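# Structural overview
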Amino acid sequence: MAKPIELGLVLEGGEDARRFQRYLDHPPTDTDDGRELIREAAILAREMRL
């Protein structure tokens, strides 16, 4: 039988829990990392078509 995956998320104190819940309720939709990932994917897709 497979072992469960441990994510390692540790919330310390009430403020961590509140911030994490706010994140779950309203996740960021546009981040610098996300924009960079989309930019790289677009470049790779363009190069593959050529």
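Every chain is numbered independently, its residues counted from 1 as its sequence is written. Predicted model: local features are reported for residues with pLDDT of at least 70 only, side-chain atom pairs are reported and counted for 80 or more only, and whole-chain, interface and lining totals are derived from all residues. To get the side-chain values, all heavy atoms of the structure are used, and hydrogens and water are removed first.

## Some points on the pattern of salt bridges
The working definition used for a salt bridge is a side-chain nitrogen of Lys or Arg within 4 Å of a carboxyl oxygen of Asp or Glu. Under the defined criterion, the tally for this structure stands at 5 salt bridges. In this structure, the salt-bridge partner of Arg 18 is Glu 15, at a minimum N-O distance of 3.4 Å. Placement of both Arg 18 and Glu 15 in helix H1 (residues 13-25) is noted, with a separation of 3 residues, approximately one turn of the helix. Ionic pairing is found between Glu 36 and Arg 39, a salt bridge with its closest N-O pair at 2.5 Å. In this pair, Glu 36 and Arg 39 are both assigned in helix H2 (residues 32-49), 3 residues apart and thus about one turn of the helix distant. Exposure categories follow from relative accessible area, calculated using a 1.4 Å probe and restricted to protein chains: below 20% of the type maximum is buried, above 50% is exposed, and the middle band is partly exposed. Using a relative accessible area of 35% as the deciding quantity, one classes Glu 36 as partly exposed. Among the charged side chains, a salt-bridge network with shared partners connects Glu 15, Arg 18 and Arg 22. A run of H or I in DSSP becomes a helix once it reaches four residues, and a run of E becomes a strand once it reaches two; helices and strands are each numbered from the N terminus.

Geometric descriptors of this kind do not, in isolation, establish any biological role.
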